[in-house]
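These are the residues of each chain, in order.
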Amino acid sequence: MGDTKKPDKDSGNPPPRPLNPKQQSRRDFLEGAGTTAVVATAVPVLGISAANAQQANAVSGPTTSIRLTVNGVSHSVDVEDRWTLVELLRDQLDLTGTKIGCDRGECGACTVLMNGTPVYSCSQLAVWVDGAEITTVEGLAQNGQLSTVQQAFVDNNGPQCGFCTPGQLMTATALLNNTRSPSSDEVRSALVGNLCRCSNYNAIVEAVVSAGEKQGGAA
Ligand code: FES
Ligand code: FES
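Residues numbered from 1 in each chain as written. Chains lettered and ligands numbered in written order. Predicted model: local features only at pLDDT ≥ 70, side-chain atom pairs only at ≥ 80, totals over all residues. Heavy atoms only, no water.

> Would you take a moment to explain the overall build of the protein for this structure?
Assigned secondary structure in the protein consists of 7 helices and 5 strands. Put simply, the protein runs from its N terminus to its C terminus through helices and strands in the order α-α-β-β-α-β-β-β-α-α-α-α. Burial statistics for the protein: of 219 residues in total, 34% are counted as buried. Put simply, of all contacts in the protein between residues at least 6 apart along the chain, 53% involve residues at least 24 apart. Carbon and sulfur atoms make up 51% of the accessible area of the protein, which totals about 13600 Å². (Helix = DSSP H or I, 4+ residues; strand = E, 2+ residues; numbered from the N terminus. Buried < 20%, exposed > 50% of the residue type's maximum accessible area, 1.4 Å probe, protein only. Contact = heavy atoms within 4.5 Å. Areas by Shrake-Rupley, 256 points an atom, 1.4 Å probe, with all protein chains shown as cover.)

This is the structure in structure tokens:
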């Protein structure tokens, strides 16, 4: 066993390493990773950035021209047919307030309003929103003033890490547009599709109820 680890006396080369992947050592792994790093650093030498190299490899599909209104601003955009609404918002329109959590219609982090109704923007193709009015979290504050529900989130410690907050705010906004002063049960029921990994549900419900009370009182 010891013999296989000794250098070849004639050539001075290291001994051959076992080919069985189960016997791969940490050193083998690091040497393999080194090869990858060399390839990555070679990309700029070829005169292209790593990002461009990746883009060149990306297959772009057919596109469709759509028109939509986002936060009151009209847009005419050529979208790839495979893009989701959240990709259009974040990557093309630079509206990164809308978050991607699960990217498969489970967590609600990507919730926006489509013609006033909350939708998961990760589960809507961009081509489907042709002619629609979209509201994102960036559209809630007006003239530098937080909306009532945004202010209520601040006052009631609604956000912890804050990742779910944009989606929670959009669903809560739709609820408050239709129900002026919802009960805590109505709030819980409306927000059932918006998960919070920080489990800050009590504070979120209190925030929405309090926003409803303020808004109900103002009516
Ligand atoms: S990111 Fe869309 S539902 Fe989770
Ligand atoms: S505040 Fe962190 S996920 Fe909800």
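> Would you mind going over the sheet that holds strand β5 (residues 133–135) with me for this structure?
Paired through backbone hydrogen bonds, the strands of a sheet run either parallel or antiparallel to each other. The strand order across the open sheet built from 5 strands is β2-β1-β5-β3-β4, with neighbouring strands paired in mixed fashion. Two strands in the sheet have a free side with no partner beyond their single neighbour: β2 (73–80) and β4 (117–120). Taken pair by pair, the neighbouring strands of this sheet meet at an average axis angle of 40°, ignoring direction. Bridge analysis of strand β3 (residues 111–114) against β4 gives 4 bridges, and the strand direction is antiparallel. Directly across from L113, in β4, lies its bridge partner P118. Helix α3 (residues 85–92) contacts β1 (63–70), β2, β3 and β5 of the sheet and is inclined by roughly 75° relative to β1. Those strands touched by helix α5 (residues 165–178) are β3, β4 and β5, and its axis lies near 35° from that of β3. (Pairing = 2+ DSSP bridges. Axes fitted to C-alpha atoms, helices over the stretch in contact; angles between N-to-C directions.)

> Just checking my understanding: could you explain the side chain of T165 for this structure?
Checked against the element boundaries, T165 lands in helix α5. Given the relative accessible area of 10%, T165 is considered buried.

> Can you help me understand the pattern of salt bridges in this one?
Once their charged atoms are close, side chains differing in charge can pair, the charge on each being opposite to the other. As enumerated under the stated definition, the model contains 3 salt bridges in all. Here R82 makes a salt bridge to E80, at a shortest N to O gap of 2.5 Å. A relative accessible area of 52% means that R82 is categorised as exposed. (Salt bridge = Lys/Arg side-chain N within 4 Å of Asp/Glu carboxyl O.)

> Is there a simple way to explain the pairing of β2 in this structure?
Regular strands place their side chains on alternate faces of the sheet. Pairing analysis gives 8 bridges linking β1 to β2, with the strands arranged antiparallel. Across the sheet, the residue bridging to T69 is S74, located in β2. Between β1 and β2, which pair antiparallel one after the other, the connecting turn spans 2 residues, and N71 there sits at a positive phi close to 50°.

Function cannot be inferred from these measures alone, as they are strictly geometric.
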